[in-house]
Amino acid sequence: ACGSVEGMRVPGSFPGATEIPVQFDDLMKAFAARVGLPSVDRDAGGRCWFQTEDNVALQCFSPTRGTVILEGVVGSLPEEEPKAAEWLKRLMQLNLPRLQARQEVLTVDREKRQLVLCRQWLAEEKTLEDFVLVAESFMNALEWWQKQAAGSLAPPPPAGSFLFTR
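What you are looking at is a predicted structure, and each value in this text was computed from that prediction instead of being measured. (Residues numbered from 1 in each chain as written. Predicted model: local features only at pLDDT ≥ 70, side-chain atom pairs only at ≥ 80, totals over all residues. Heavy atoms only, no water.)

S.K.: Describe the sheet that holds strand 3 (residues 41-42), and please don't skip the residues or the numbers.
M.R.: One key point about sheets: their strands pair by backbone hydrogen bonds, in either a parallel or an antiparallel sense. The strand order across the open sheet built from six strands is 3-4-5-6-8-7, with neighbouring strands paired in antiparallel fashion. The open sheet has two edge strands with one neighbour each: strand 3 and strand 7 (105-109). As paired strands, strand 4 (residues 48-51) and strand 5 (residues 57-61) are joined by four bridges and run antiparallel to one another. By the bridge assignment for strand 5, Gln 51 is matched with Ala 57. Helix 1 (residues 24-34) rests against strand 3, strand 4, strand 5, strand 6 (67-76) and strand 8 (114-122) of the sheet, and its axis sits at about 5° to strand 4. Taken strand by strand, helix 3 (residues 128-150) contacts strand 5, strand 6, strand 7 and strand 8, and its axis lies near 15° from that of strand 6. (Pairing = 2+ DSSP bridges. Helix = DSSP H or I, 4+ residues; strand = E, 2+ residues; numbered from the N terminus. Contact = heavy atoms within 4.5 Å. Axes fitted to C-alpha atoms, helices over the stretch in contact; angles between N-to-C directions.)

Structural data, given as structure tokens:
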């Protein structure tokens with residue numbers, strides 16, 4: 001089993017029903033069913049893996065009670081440092097306008113030389129359906145970032161352009 005995410009609750013199906021704690025395995029199975037995967041792949045550390053036909057791979061794990069972390073590799077850093085710096089700069093410029101509206105975070109795994117998209121999901125008073133919707137949104141965002149990372153080095157946005165809007 002992948003583990004427990006105690007503190008997460010599934011509302012009862014009728015008035016007066018008691019709430020039942022949701023297990024991490026239940027979250028993973030619900031998401032697998034939603035995206036049409038027959039099973040959930042797990043590694044020795046209890047991390048669960050999902051991969052779509054489009055090679056979008058999502059990793060989920062529960063480091064502490066009530067928390068689920070979603071991660072996915074956006075792309076590998078170019079080998080040459082000047083190209084890697086330019087690649088990261090371009091992706092970070094794309095990331096800035098998204099910071100207010102999205103809950104995903106881009107980070108660099110220096111050991112593996114990869115750009116990784118991460119999101120934390122806190123279970124408090126949320127449902128299985130909430131997790132499935134967040135995981136689907138994360139997979140869509142991951143696919144979008146992978147397409148951006150695979151693209152040619154497009155010029156950055158014009159200087160002086162506003163990055164945040166209200």
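So much for the structure itself; the text now carries on.
S.K.: Give a description of the pattern of salt bridges that names residues and reports values.
M.R.: In this structure the tally under the stated criterion is six salt bridges. Between Arg 42 and Asp 25 there is a salt bridge; the shortest N-O distance is 3.1 Å. Of the two residues, Arg 42 is situated in strand 3 and Asp 25 in helix 1; the sequence distance between them amounts to 17 residues. Note on Arg 42: relative accessible area 38%, which makes it partly exposed. Judged by its relative accessible area of 15%, Asp 25 falls in the buried class. The partner of Glu 71 in a salt bridge is Arg 47, with the nearest N and O atoms 3.7 Å apart. In this pair, Glu 71 sits in strand 6 while Arg 47 sits in the loop between strand 3 and strand 4, placing the two residues 24 residues apart along the sequence. Residues participating in the shared-partner salt-bridge network are Arg 34, Glu 129 and Glu 136. (Salt bridge = Lys/Arg side-chain N within 4 Å of Asp/Glu carboxyl O. Buried < 20%, exposed > 50% of the residue type's maximum accessible area, 1.4 Å probe, protein only.)

No statement about biological role is implied by the geometric values presented.
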